[in-house]
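Structure assessment
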Amino acid sequence: MKTHRYFLTALICVSTLIWRTSAQAPAAGDTLAEAAAMQSETRFANLVRVVNLHGTCEVLNPDRGNFESAQHNKTYPLGSTFRTAAASSMFLVFSEEDSVELLEQSEVVVTGVCKDNRTCQSLTLQLVRGTVKTTLRENLKGSEFNVNTPNAELKSISGRGEYTISSEGENEIFQAATITGSAVVEGPHYTIPSLQAANTVNIMSAPNRSFSRLTSVSGDFTIELENGSGQPVNFGMSPQALVKIWRKQAPVGGRTVVSTLVVSPTGMARHRFAYVEGRAALQTGELVEAPETMEDLPELELRSEQNQTKPDEEEAPVGL
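The structure presented is a predicted model; accordingly, all values stated were derived computationally and were not measured.

Summing up its helical and strand segments, the chain has 2 helices and 24 strands in all. Counting across all 320 residues of the chain, residues that qualify as buried make up 40%. The long-range fraction of contacts in the chain, counting pairs at least 24 apart against all pairs at least 6 apart in sequence, stands at 47%. Summed over all atoms, the accessible surface of the chain reaches about 16900 Å², with 51% contributed by carbon and sulfur.

Structure, rendered in structure tokens:
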């Protein structure tokens, strides 16, 4: 009997190994390279599963056209909108390892890029309002998971993070906090190449996007600021450092005039420059060496690098 039991155990193990090997083997007609590429691709389900609902949670299925109560453990198609009321929350599950918690009074739209009828290569959450907490694989690469807001765009997100949209008067506030993993933050005229673990940035934008203020809340990270030359200015952000960006359309010609000011955590100006989009010759800037407070800063005046004369009327900047 003991020999017979050992034989059955060995047979089960061999059968399991054969099944796993056959499941991973390339299908007929697939090359080894294609099979390797398929195994290396990150896969998300092409449906969003909703679990752990608390309070009032609703979903707008694009096939139905109106909000309905979300159902626990039910799947919904990509393109659906999910929202929660006060004192409510729910989880959106995209794979065995990837999920998002939607906190109270929050709303997101989930979209994706899918290769077939079962799996997707990338997902994007459009954060309309409120807060989401991500729990993702640490090894996600490229733009496989993204969060979009009217204020800024987060790409290549991995690990755990918390992202919030709120308001300050008429201004919109977007705060991105990376707990583990990393994320790329992109906005008009700036990029944060790597928001890493324990980094938090607060981004305030005016309703018409004429002004943005970026504040480092925690951690140290680098920000790249466009300056019109094609070679962005790199600045190391530490807690309480500020970047302020003003934008205005020239009354003649319609080009955007951009003025940027970088302030250290102690309130001292460190960089300031201005430029006209699409006109590399119309730019000015300086690295501020001496301590200088915000009140001491003169108004930026844009001048041509070639002749240091005032630009023609068509490209003349308006007061920033």
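There's plenty left to go through after this.
With that settled, the discussion passes to unusual backbone geometry. Glycine aside, the phi torsion of most residues is negative, and most peptide linkages are trans. One non-glycine residue, Asn 73, lies in positive phi territory at about 65 degrees. By the secondary structure assignment, Asn 73 is in the loop between strand E4 (67–69) and strand E5 (74–77). You will see that Ala 198, though not glycine, has its phi angle at about 70 degrees, which is positive. Looking at the element boundaries, Ala 198 is found in the loop between strand E16 (190–196) and strand E17 (199–205).

What follows concerns the confidence of the model for the chain. Looking at the chain as a whole, its pLDDT mean stands at 81, while 74% of the residues score no less than 70. Within the model, the stretch residues 1–40 combines pLDDT values under 50 with 7 contacts to residues more than four positions away or in other chains. Low pLDDT, under 50, characterises residues 288–320; the stretch is placed with 75 contacts to residues that sit more than four places away or in other chains.

What follows is about the packing of aromatic side chains. Aromatic ring pairs are described here by two measures, namely the spacing of the ring centres and the angle between the planes. Throughout the structure, instances matching the rule amount to 4 aromatic pairs. Pairing Phe 44 with Phe 145 gives two aromatic rings, centres 6.3 Å apart and planes at 55 degrees, and the pair type is tilted. With a gap of 101 residues between them, Phe 44 in strand E1 (residues 44–45) and Phe 145 in strand E11 (residues 145–148) connect regions that are remote in the sequence. Assessed through its relative accessible area of 0%, Phe 145 is described here as buried. Pairing Phe 94 with Phe 145 gives two aromatic rings, centres 5.7 Å apart and planes at 55 degrees, and the pair type is tilted. Placement of Phe 94 in the loop between strand E7 (89–93) and strand E8 (99–102) and of Phe 145 in strand E11 is noted, with a sequence separation of 51 residues between them. Of the two residues, Phe 94 and Phe 145, both sit in the buried class. A network of ring pairs unites the aromatic residues Phe 44, Phe 94 and Phe 145 as a single cluster. Over the ring of Phe 67 we find Arg 83, and its NZ or CZ is 3.5 Å from the ring centre. Geometry around Phe 44 places Arg 137 over its ring, the cationic atom sitting 5.5 Å from the centre.

What follows covers the nonpolar core. Within the largest apolar cluster, 53 residues are counted, with the highest numbers of intra-cluster contacts made by Phe 82, Phe 94, Phe 145 and Tyr 163. If we ignore the near neighbours within four places in the chain, the residues touching Phe 82 are Val 48, Val 50, Glu 58, Val 59, Tyr 76, Met 90, Leu 92, Leu 102, Ser 106, Glu 107, Val 108 and Val 110.

Further remarks concern the pairing of strand E19 (residues 221–225). If a strand is regular, its side chains alternate between the two faces of the sheet. Alternating residues of E19 divide into Phe 221, Ile 223 and Leu 225, all buried, and Thr 222 and Glu 224, none buried. Here E16 runs beside E19; their pairing, made up of 2 bridges, is antiparallel. Following the sheet pairing, Tyr 190 is matched in E19 by Leu 225.

By the bridge criterion, 4 bridges tie strand E2 (residues 47–54) to E5 in an arrangement that is antiparallel. Across the sheet, Val 50 pairs through a bridge with Lys 74, a residue of E5. As judged from the 4 bridges shared by E2 and E7, these two strands associate in the antiparallel manner. Bridge pairing in E7 places Val 50 opposite Leu 92.

What follows deals with the environment of Ala 70. With respect to the secondary-structure elements, Ala 70 resides in the loop between E4 and E5. Taking C-alpha positions, Ala 70 is 8.8 Å from Leu 60, a pair spaced 10 residues apart along the chain. Discounting residues that sit within four places of it in the chain, Ala 70 has contacts with Val 50, Leu 53, Cys 57, Glu 58, Val 59, Tyr 76 and Met 90.

Here the focus is the pattern of salt bridges. Applying the stated criterion across every chain yields a total of 7 salt bridges. In this structure, the salt-bridge partner of Glu 58 is Arg 83, at a minimum N-O distance of 2.7 Å. In this pair, Glu 58 is assigned in strand E3 (residues 57–60) and Arg 83 in strand E6 (residues 81–84), connecting sequence segments 25 residues apart. Assessed through its relative accessible area of 22%, Glu 58 is described here as partly exposed. On the basis of relative accessibility, which here comes to 25%, the residue Arg 83 falls in the partly exposed class. For Glu 186, the salt bridge goes to Lys 155, with nearest N and O atoms at 3.1 Å. Of the two residues, Glu 186 is situated in strand E15 (residues 182–187) and Lys 155 in strand E12 (residues 153–155); the sequence distance between them amounts to 31 residues. Judged by its relative accessible area of 29%, Glu 186 falls in the partly exposed class. Note on Lys 155: relative accessible area 23%, which makes it partly exposed.

Rules and cut-offs
- Residues numbered from 1 in each chain as written.
- Predicted model: local features only at pLDDT ≥ 70, side-chain atom pairs only at ≥ 80, totals over all residues.
- Heavy atoms only, no water.
- Helix = DSSP H or I, 4+ residues; strand = E, 2+ residues; numbered from the N terminus.
- Buried < 20%, exposed > 50% of the residue type's maximum accessible area, 1.4 Å probe, protein only.
- Contact = heavy atoms within 4.5 Å.
- Areas by Shrake-Rupley, 256 points an atom, 1.4 Å probe, with all protein chains shown as cover.
- pLDDT = per-residue confidence, 0-100.
- Phe/Tyr/Trp six-rings, centres within 6.5 Å; stacked < 30°, edge-to-face > 60°.
- Lys NZ or Arg CZ within 6 Å of the ring centre and 35° of its normal.
- Core = buried A, V, L, I, M, F, W, Y, C linked by side-chain atoms within 4.5 Å.
- Pairing = 2+ DSSP bridges.
- Salt bridge = Lys/Arg side-chain N within 4 Å of Asp/Glu carboxyl O.

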